[in-house]
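Okay, here's what each chain looks like letter by letter:
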Amino acid sequence: MAFLSDLFEKLNTLNKSLQGNNTNILQLSDKVSGFKKKAILRKGSVSKGDYKCFPSLDTFLEDNEMTLKEELRTVFVLYVQQLHFYLQKYFPEDEVEPIKWVRDPFNTERPHHFNNEEAEQLIDISSDSTLKVQFQSLSLLEFWCQIQDEYPVISKISLRVLIPFATSYLREAGFSAVAVIKSKYRAKIHLEKEMRVAISKITPRFEELCKEKQAHPSH
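Quick notes on the rules
- Residues numbered from 1 in each chain as written.
- Predicted model: local features only at pLDDT ≥ 70, side-chain atom pairs only at ≥ 80, totals over all residues.
- Heavy atoms only, no water.
- Helix = DSSP H or I, 4+ residues; strand = E, 2+ residues; numbered from the N terminus.
- Buried < 20%, exposed > 50% of the residue type's maximum accessible area, 1.4 Å probe, protein only.
- Contact = heavy atoms within 4.5 Å.
- Areas by Shrake-Rupley, 256 points an atom, 1.4 Å probe, with all protein chains shown as cover.
- Expected span 1.5 Å × (residues − 1).
- Arc of directions from axis to C-beta.
- Polar contact = N/O pair within 3.5 Å; in protein donor to acceptor, adjacent residues only side chain to side chain.
- Phe/Tyr/Trp six-rings, centres within 6.5 Å; stacked < 30°, edge-to-face > 60°.
- Patch = residues over 30% accessible without salt bridge, like charges linked within 9 Å, V, L, I, M, F, W, Y side chains within 5 Å.
- Salt bridge = Lys/Arg side-chain N within 4 Å of Asp/Glu carboxyl O.
- Lys, Arg positive; Asp, Glu negative; His and termini not counted.
- Charge placed at Lys NZ, Arg CZ, Asp CG, Glu CD.

Participant: Could you give an account of the overall build of the protein chain, naming the residues involved and the relevant values?
Facilitator: Within the protein chain one finds eleven helices and zero strands. When the helices and strands of the protein chain are listed from N to C terminus, the series reads α-α-α-α-α-α-α-α-α-α-α. Classification of the 219 residues of the protein chain by burial places 30% in the buried group. In the protein chain, once contacts between residues fewer than 6 apart in sequence are set aside, the share between residues at least 24 apart is 58%. On the protein chain, roughly 16,000 Å² of surface is accessible, and the fraction owed to carbon and sulfur atoms is 55%.

Set out below in structure tokens:
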């Protein structure tokens, strides 16, 4: 149980890191890739009898002066190995490889699927030292938006990679807002306007809104 508790805790940590706002598929891919590498490392440690990467299990064994039997250790190694297998199955590295140039257009080779126009624009960008300085001070999304007038073809491809929601964060935030706003006492309420206010990051300018409203005159 201690081993499974540690394993699920690590999975939960990974899941939380994937639910952030303002993320893109490249950032999330990095996190999953790192977790897969750690899984290989942990499998090697457990196979050697080193359980420090699973703190609850390690503490339990030390406190009770116990040593895992060989067959049980083999089961734990198999668990971690299967975890790595399924992560690799559902999050293969080769799916992200064709879009890695979006992350750094200045240090990448021409993607095999690029046509001549796309390749030429990528060469122009990678050869522009001024753009390279700007790239270092802007987010990926800001950079590609800034150069889309000059390099429309390749920027359009990049924005298709970066703009789509990479997580279910907004959907979950929306469901949470609905759960708070709509109850059995307010079952018939129409949620469109309330939802917009609940999940928006914009702070209302109350003073300006109040100025636009005329006070009700007395009779």
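Read on for the rest.
Participant: Help me get a handle on helix H4 (residues 70–90), residues and values and all.
Facilitator: When the terminal C-alpha atoms of H4 are compared, their 31 Å separation across 21 residues agrees well with the 30 Å that a helix rising 1.5 Å per residue should span. Within H4 the residues assigned to the buried category are Arg-73, Phe-76, Val-77, Val-80, Leu-83 and Leu-87. Down the axis of H4, the buried side of the element spans an arc of 115°, and every buried residue falls inside it. Opposite the buried face of H4, by more than 90 degrees, sit the exposed residues Glu-71, Lys-89 and Tyr-90. On the buried face of H4, the contacting elements are helix H1 (2–17), helix H2 (25–47) and helix H3 (55–63).

Participant: Outline helix H5 (residues 116–126), supporting the account with residue identities and numerical values.
Facilitator: Among all positions in H5, only Glu-118, Ala-119, Gln-121, Leu-122 and Ile-125 are buried. Take H5 and look down its axis: the buried residues cluster within an arc of 165°, on one side only. The exposed residues of H5 that point more than 90 degrees off its buried face are Asn-116, Glu-120 and Ile-123. Between the side-chain oxygen of the N-cap and the backbone nitrogen of Glu-117 there are 3.1 Å, and the N-cap of H5 in question is Asn-115.

Participant: With reference to specific residues and values, describe the packing of aromatic side chains.
Facilitator: Per the stated rule, a full pass over the model turns up eleven aromatic pairs. Geometrically, the ring pair formed by Tyr-86 and Tyr-90 is stacked, given 6.4 Å between the ring centres and 20° between the ring planes. Residue Tyr-86 and its partner Tyr-90 are both found in helix H4; the two are separated by four residues, about one turn of the helix. A relative accessible area of 37% places Tyr-86 in the partly exposed class. A residue is classified by how much of its surface remains accessible, and Tyr-90, at 54% relative accessible area, is exposed. Residues Trp-101 and Trp-144 carry aromatic rings whose centres are separated by 5.8 Å and whose planes lie at 85° to one another, so their mutual orientation is edge-to-face.

Participant: Help me get a handle on a negative patch on the surface, residues and values and all.
Facilitator: On the surface, Glu-117, Glu-120, Asp-124, Asp-149 and Glu-150 cluster together into a negatively charged patch. Position of Glu-117 relative to the elements: it lies in helix H5. Residue classification places Glu-117 among the partly exposed positions, given a relative accessible area of 47%.

Participant: Please set out unusual backbone geometry residue by residue, giving values where relevant.
Facilitator: One non-glycine residue with positive phi stands out, namely Glu-65, at about 50°. Tracing the chain through its elements places Glu-65 in the loop between H3 and H4.

That is the geometry; function is a separate question.
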